[in-house]
Amino acid sequence: MYTPNIQYMNGEKIAALRRELKSGVEKAKQRQDVEELYTRIATMQKEGTLDKSLYSDFGWLIYYLLRNTPLNSVLRCKRYLIQYLNLQLPRPSLLHSLMLSIALKLKKKIPSQFRIMDFLNLWGVENLRDEDFEKFKPESGRSHNSMVENMISICAKELKSTGNYQVNEEFAKVIDKALLKHETNPHLPLYKATVLVAQGNKKEALEYYKTLLRRWPRKFFLWSNAEELVPYTEKDLKIALLCKAITTARDKAFMGDIRLRLANQLYKKGLYSNALHELEQYERYYTSQGWQIKTWCETLVTRVKAAAPDVKATPTQYNDYITLAEKFIKK
């Protein structure tokens, strides 16, 4: 087992190294190379020979190194972030928030190689400052989303794509606070629903979608998202919500996956002629746009024709189901 040879620093050495660190920070601000200084200080910190009074200056050096590092240098960025977190500097702080801002940029640039929820578990969302909830307002032009709004958006996308995170209550509280702070942001309610699903609260999430649909009944994706949370045994309701989504969507480009899901539900209910109609509508539009038809569509066509060899496509009577969908959200 490795035992470091700890040599504690006296006041003179501490003062000299502080000057060197501050000089290094200024050089890093000017995008000069300070990697040698970083490596030396990181080694001292690992060995326990770096006085803790110098940790803050070292933290700022790491920040400017990160700022100067291309985001596609993922391993290097991760190394700097881990080194910063290991310092356990006082938080919340401006430096702590700046580190989060870089982590968010890294996730946005290379989403598949950086797990933002894992980072946040170490960073601690309880360390967000009030300033982090404020929108950025340039001297001219429109204001931009706050860092917290951007964080929630990026995290919700990761949660939706992976679905295997345990979301803690602190993160849920952050979303509730952001909802109160930014009532006009139309995306935050959707992100809250995503978090509810990630927490395993599907029933609560479905009730929340019903609230959103009463507020925004013309948003087709809300009807579509709600259907995904309905138990598979409630076939009529699933069909109804998808029919409502299709009749609400104005652009056919957004209907593709919804049509396939509707066809699948119609097939499961034994409505083969209606299912075939939805599949043909999907194929016709995708072919006209020169888009590739998904394998799932071809699979469904095969299943429908296997179940009913002589089936003829018959248009789905959407209005027969829409009433059920509209009654559902009023409960």
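In what follows, the accompanying structure is described.

Cut-off values and rules
Residues numbered from 1 in each chain as written. Predicted model: local features only at pLDDT ≥ 70, side-chain atom pairs only at ≥ 80, totals over all residues. Heavy atoms only, no water. Salt bridge = Lys/Arg side-chain N within 4 Å of Asp/Glu carboxyl O. Buried < 20%, exposed > 50% of the residue type's maximum accessible area, 1.4 Å probe, protein only. Helix = DSSP H or I, 4+ residues; strand = E, 2+ residues; numbered from the N terminus. Axes fitted to C-alpha atoms, helices over the stretch in contact; angles between N-to-C directions. Parallel < 35°, antiparallel > 145°, perpendicular 65-115°, else oblique. Left-handed = near helix turned anticlockwise from the far one by under 90°. Contact = heavy atoms within 4.5 Å. Nonpolar A, V, L, I, M, F, W, Y, C, P; charged D, E, K, R; others polar. Phe/Tyr/Trp six-rings, centres within 6.5 Å; stacked < 30°, edge-to-face > 60°. Lys NZ or Arg CZ within 6 Å of the ring centre and 35° of its normal. Arc of directions from axis to C-beta. Polar contact = N/O pair within 3.5 Å; in protein donor to acceptor, adjacent residues only side chain to side chain. Expected span 1.5 Å × (residues − 1).

Some thoughts on the pattern of salt bridges
Line of reasoning, step 1. Under the defined criterion, the tally for this structure stands at 23 salt bridges.
Line of reasoning, step 2. Residue Asp118 pairs with Arg115 through a salt bridge whose shortest N-O separation is 2.9 Å.
Line of reasoning, step 3. Judged by its relative accessible area of 44%, Arg115 falls in the partly exposed class.
Line of reasoning, step 4. In this structure, Lys244 and Glu326 form a salt bridge, with 2.8 Å as the shortest nitrogen-oxygen distance. Of the two residues, Lys244 sits in helix α12 (residues 235–248) while Glu326 sits in helix α16 (residues 318–330), which places them 82 residues apart along the sequence.

Here we look at the packing of helix α10 (residues 202–215) against helix α11 (residues 220–229)
Line of reasoning, step 1. Close contact between α10 and α11 brings their axes to 9 Å; oriented N to C, the two are set at 160°. Comparing the axis directions of α10 and α11 gives the class roughly antiparallel. Considering how the two elements wind past one another, α10 and α11 form a crossing that is left-handed. Along its contact with α10, which presents Lys202, Ala205, Leu206, Tyr209, Leu212 and Leu213, the element α11 presents Leu222, Trp223, Asn225, Ala226 and Leu229.
Line of reasoning, step 2. Its residues assigned to classes, the contact of α10 with α11 shows 9 nonpolar, 1 polar and 1 charged.

Some remarks on the packing of aromatic side chains
Line of reasoning, step 1. Scanning the model with the defined rule gives 12 aromatic pairs in all.
Line of reasoning, step 2. Measuring from ring centre to ring centre gives 5.0 Å for Tyr38 and Tyr80, while their planes differ by 90°; the resulting arrangement is edge-to-face. Here Tyr38, found in helix α2 (residues 35–47), pairs with Tyr80, found in helix α4 (residues 74–86); they are 42 residues apart in sequence, far enough to count as distant.
Line of reasoning, step 3. With 6.0 Å between their ring centres and 50° between their planes, Phe114 and Phe119 make a pair best called tilted.
Line of reasoning, step 4. Owing to a relative accessible area of 7%, Phe114 belongs among the buried residues under this scheme.
Line of reasoning, step 5. Under the relative-accessibility criterion, Phe119 is labelled buried at 5%.
Line of reasoning, step 6. By the ring-pair criterion, three or more aromatic residues cluster together here, those being Tyr282, Tyr285, Tyr286 and Trp291.
Line of reasoning, step 7. Positioned over the ring face of Tyr80 is Arg79, at 5.1 Å from the centre of the ring.

Comments concerning helix α6 (residues 116–123)
Line of reasoning, step 1. Among the residues making up α6, those that are buried are Ile116, Met117, Phe119, Leu120 and Trp123. Taken around the axis of α6, the buried residues stretch over an arc of 155°, which confines them to a single face.
Line of reasoning, step 2. Lining the buried residues of α6 we find α4, α5 (94–109), α7 (147–162) and α8 (169–181).
Line of reasoning, step 3. Within two residues after α6, Gly124 carries a phi angle of roughly 90°, on the positive side.

Looking at unusual backbone geometry
Line of reasoning, step 1. Geometrically, the link from Arg91 to Pro92 is a cis peptide bond, its omega value of 0° lying close to zero.
Line of reasoning, step 2. Phi is positive for Gln88, which is not a glycine, with a value near 50°.

A closer look at the side chain of Glu227
Line of reasoning, step 1. Mapped onto the fold, Glu227 is located in helix α11.
Line of reasoning, step 2. Within the structure, Glu227 has its side chain in polar contact with the side chain of Arg261 (distance 2.5 Å).
Line of reasoning, step 3. Those residues in contact with Glu227, other than ones at most four positions away along the chain, are Lys238, Leu241, Leu242, Arg261 and Gln265.

Concerning the packing of α7 against helix α9 (residues 188–198)
Line of reasoning, step 1. Between α7 and α9, whose axes approach to 9 Å, the crossing angle comes to 45°. Our classification of the angle between α7 and α9 gives oblique. The interaxial crossing formed by α7 with α9 has left-handed handedness. Across from Glu149, Ile152, Ser153, Ala156, Leu159 and Lys160 in α7, the residues of α9 making contact are Leu188, Tyr191, Thr194, Val195 and Ala198.
Line of reasoning, step 2. Residues of the contact of α7 with α9, tallied by class, amount to 7 nonpolar, 2 polar and 2 charged.

Structural notes on the environment of Asn274
Line of reasoning, step 1. Inspection of the secondary structure assignment puts Asn274 in helix α14 (residues 272–289).
Line of reasoning, step 2. Placed 186 residues apart in sequence, Asn274 and Gln88 show a C-alpha to C-alpha distance of 61 Å.
Line of reasoning, step 3. Not counting residues within four places of it along the chain, the set of residues in contact with Asn274 comprises Leu266, Thr314, Pro315 and Thr316.

Description of α4
Line of reasoning, step 1. Compared with an ideal rise of 1.5 Å per residue, which puts 13 residues at 18 Å, α4 spans 18 Å between its outermost C-alpha atoms and is within 8% of the ideal.
Line of reasoning, step 2. Listing the buried residues of α4 in full gives Val74, Cys77, Tyr80, Leu81, Gln83, Tyr84 and Leu85.
Line of reasoning, step 3. Just past α4, the residue Gln88 takes up positive phi, approximately 50°.

A word on the environment of Glu207
Line of reasoning, step 1. The residue Glu207 is located in helix α10 in this model.
Line of reasoning, step 2. Residue class for Glu207 comes out partly exposed when judged on its relative accessible area of 43%.
Line of reasoning, step 3. In sequence terms Glu207 and Glu35 are 172 residues apart; their C-alpha atoms lie 53 Å from each other.

It is worth stressing that arrangement in space is one thing and function is another; only the former is reported here.
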